[in-house]
Amino acid sequence: MFGSNRILTKISCKFLAFSHRRPNEYKILCYRTHSTMKCLYSLPNILYNAMGKILVIGSAGQIGTELVLALEKEYGKSNVIASDVKPEPTFALRESNYLALDVMNAEALDGVVKKYGVSEIYLLAALLSATAEKNPDFAWKLNMDGLFNVLNLARYKKIEKVFWPSSIAVFGPTTPKDMTPQSTIMEPTTVYGISKQSGEQWCNYYHCKYGVDVRSIRYPGLISYTSLPGGGTTDYAVDIFYHAKKSNSYTCYLSENTALPMMYMEDAIRATIQIMQSPAENIKIRTSYNLAGMSFTPKLLAEAITERLPGFGINYAPDFRQKIADSWPNSIDDQDAKNDWGWSMSYDLSAMVKVMLENTDESLL
Ligand code: AKB
């Protein structure tokens, strides 16, 4: 009897994990097995309804917006809560479950986790590289306090899993520039980079010391059309599409031969969900994984745009962001992400330019 209960529990847990990852397929599977396995049907269904919710913090940003929409597709709208410090959701998330939340307020965060039964948090609230240089004190506070508040929820078993984004900004001028390895010299020279590098070490510490299941990716520059980026050094690779469609010209704040690692947002979101769904034993790196997409310079991007928009013109007026970009890698080696949890990218420069030109809404400028 005890043995069969254990087997039943084991199978139920597998159902449970599956039901959380793929609710629609789960329901079909349950329906199919209903007649022959009534007990297995009813048990995980009760547990399924009691599963924790997913909370996305910083949902108004460039990644947050698309991540909420993708998570809703994957797990169902009712299982995803979008949050940001802003009182109202952005237009793209007007139909999502939304609440206003300041991640630096640990008590309020704790209250939300309890009230809604949150089991997973994706923490995206942060000040990016260019904005952080203008407001270093606040950048440090937001980027670090927010992380500690979420890691502590996991430490005290109030939530089960955390996603926290790192960045290519963890690297610095002394890092090897081409095909930057996973483990290498890291001497970041920006506030943002220092906060991400420290954050990575804290994630690893919480994992080793308290068993916290925290997973992380070092995002390259991300390119998307759903919402405008804000405050990054890589933002030119998004701005350029709005200006190309509006006026067929762009003045770039980086010089023409500044190569940086970049990725189309759909790939980044897929990677994020993939790393979170991977079995814990596959996540061997608990600081953060290198992730490579494409690598290009403003000149190469402008040429790819000109192929589709003849007559497009670009000129260059480098500002303070040039120094930040010069301290970052040209390209990234992401072999560990490929080996450990099966990462592979889909969008190259040409595919990205095509989809961006087709979808960017220049009236948002
Ligand atoms: C930025 O430019 O600050 C970000 C990043 C690379 O993390 N896009």
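Throughout what follows, the structure given in this document is the object of discussion. Bear in mind that the values here come from a model prediction, so they are computed numbers and not experimental data.

This part takes up the overall build of the protein chain. Scanning the protein chain from terminus to terminus reveals 14 helices and twelve strands. Out of the 365 residues belonging to the protein chain, those deemed buried represent 43%. Looking at the protein chain alone, contacts between residues at least 24 apart form 77% of all its contacts between residues at least 6 apart.

What follows deals with the site of the ligand. Near the ligand, the surroundings consist of Leu128, Ser129, Ser167, Ile168, Ala169, Tyr192, Tyr219, Gly221, Gly232, Thr233 and Thr234. Here the residues of the shell around the ligand are counted per class, giving five nonpolar, six polar and no charged.

What follows covers the pairing of strand β6 (residues 213-219). A large share of β6 lies buried, amounting to six of its seven residues. Strand direction decides the pairing type here: strand β5 (residues 161-167) and β6, joined by seven bridges, are parallel. Among the inter-strand pairings, Pro165 is bridged to a residue of β6, identified as Ile217. At this point the chain moves from β5, through helix α8 (residues 191-210), to the parallel β6, and the crossover so formed is right-handed.

Once that is clear, we can look at the sheet that holds strand β1 (residues 53-57). Spatial strand order, β3-β2-β1-β4-β5-β6-β10: seven strands in an open sheet with parallel pairing. Each of the sheet's edge strands pairs with one partner strand only, and the pair in question is β3 (97-100) and β10 (289-290). Here five bridges tie β1 to strand β4 (residues 118-123), and the two strands are oriented parallel to one another. For Leu55, the partnering residue across the bridge sits in β4 and is Ile121. In the packing of helix α4 (residues 62-75) onto the sheet, contacts are made with β1, β2 (80-84), β4 and β5, and the angle to β1 comes to roughly 170°. Lying on the sheet, α8 is in contact with β5 and β6; it crosses β5 at an angle near 150°.

With that settled, the discussion passes to the environment of Thr175. With respect to the secondary-structure elements, Thr175 resides in the loop between β5 and α8. On a C-alpha basis, the gap between Thr175 and Ile185 in space is 5.1 Å, while along the polypeptide they are ten residues apart. Excluding residues that lie within four positions of it along the chain, Thr175 makes contacts with Thr180, Thr184, Ile185, Met186 and Pro329.

All right, on to the packing of helix α11 (residues 298-308) against helix α14 (residues 349-359) then. Packing of α11 against α14 brings their axes to within 10 Å, and their N-to-C directions diverge by 55°. Considering the angle they form, α11 stands oblique to α14. In the packing of α11 onto α14, the handedness of the crossing is right-handed. Where α11 approaches α14, its residues Leu300, Ala304, Ile305 and Arg308 are matched on the opposing element by Leu349, Ser350, Val353, Lys354 and Leu357. By residue class, the composition of the contact of α11 with α14 is six nonpolar, one polar and two charged.

So, about unusual backbone geometry. In this model, Lys157 sits at a positive phi of 60°, which is unusual for a non-glycine residue. With respect to the helices and strands, Lys157 occurs in the loop between α7 (136-155) and β5. A positive phi angle, near 60°, is found at Asn248, a position not held by glycine. Residue placement: Asn248 occurs in the loop between α9 (236-247) and β8 (249-252). By the C-beta count within 10 Å, which is 14 here, Asn248 ends up partly exposed.

Another point: the sheet that holds strand β11 (residues 294-296). The three strands are arranged β7-β9-β11 in an open sheet whose pairing can be described as mixed. Because the sheet does not close on itself, it has two edges, and the strands there are β7 (221-223) and β11. Direction aside, the axes of adjacent strands within the sheet are offset by 40° on average. For β7 and strand β9 (residues 260-264), the ladder comprises three bridges, and the chain directions are parallel. Residue Ile223 lies in a different strand from β9, and its bridge partner there is Tyr264.

Further remarks concern the nonpolar core. Membership of the largest hydrophobic core comes to 94 residues, with the highest contact counts inside it found for Val56, Ile57, Leu123, Val162, Ile223 and Leu291. The leading source of residues in this core is α7, at seven residues. Contacts of Ile223, omitting those with residues within four sequence positions, involve Ala237, Val238, Met262, Tyr264, Met265, Met352 and Met356.

Following both chains from N to C, one finds α7 and α8 inclined at 15°, their axes separated by 10 Å at the closest point. In terms of orientation, α7 and α8 fall into the roughly parallel class. For the element pair α7 and α8, the recorded crossing hand is right-handed. Contact residues: Pro136, Ala139, Trp140, Asn143, Met144, Leu147, Leu151 and Arg155 in α7; Val191, Tyr192, Ser195, Ser198, Gly199, Trp202, Tyr206 and Tyr210 in α8. Looking at the contact of α7 with α8, its residues break down into eleven nonpolar, four polar and one charged.

The periodicity of an α-helix, 3.6 residues per turn, causes residues three or four places apart in sequence to face the same way. Compared with the 20 Å implied by 1.5 Å per residue over 14 residues, the 21 Å span of α4 between its first and last C-alpha is a close match. In terms of burial, α4 is largely enclosed, as eleven of its 14 residues are buried. Residues Gln62, Ile63, Gly64, Thr65, Glu66, Leu67, Val68, Leu69, Leu71, Glu72 and Tyr75 constitute the buried set of α4. Gly76 sits one or two positions beyond α4 and adopts a positive phi of about 95°.

Topologically, Met345 is positioned in the loop between α13 (335-341) and α14. Exposure remark for Met345: the 19 C-beta atoms within 10 Å place this residue in the partly exposed category. Residue contacts for Met345: discarding those within four places in its chain leaves Met263, Asp267 and Gly293.

Cut-off values and rules
Residues numbered from 1 in each chain as written. Predicted model: local features only at pLDDT ≥ 70, side-chain atom pairs only at ≥ 80, totals over all residues. Helix = DSSP H or I, 4+ residues; strand = E, 2+ residues; numbered from the N terminus. Buried ≥ 20, exposed ≤ 12 C-beta atoms within 10 Å, placed from the backbone. Contact = placed C-beta atoms within 7 Å. Near = placed C-beta within 6 Å. Nonpolar A, V, L, I, M, F, W, Y, C, P; charged D, E, K, R; others polar. Pairing = 2+ DSSP bridges. Right-handed = clockwise from strand over helix to strand, strands pointing away. Axes fitted to C-alpha atoms, helices over the stretch in contact; angles between N-to-C directions. Parallel < 35°, antiparallel > 145°, perpendicular 65-115°, else oblique. Left-handed = near helix turned anticlockwise from the far one by under 90°. Core = buried A, V, L, I, M, F, W, Y, C linked by C-beta atoms within 7 Å. Expected span 1.5 Å × (residues − 1).

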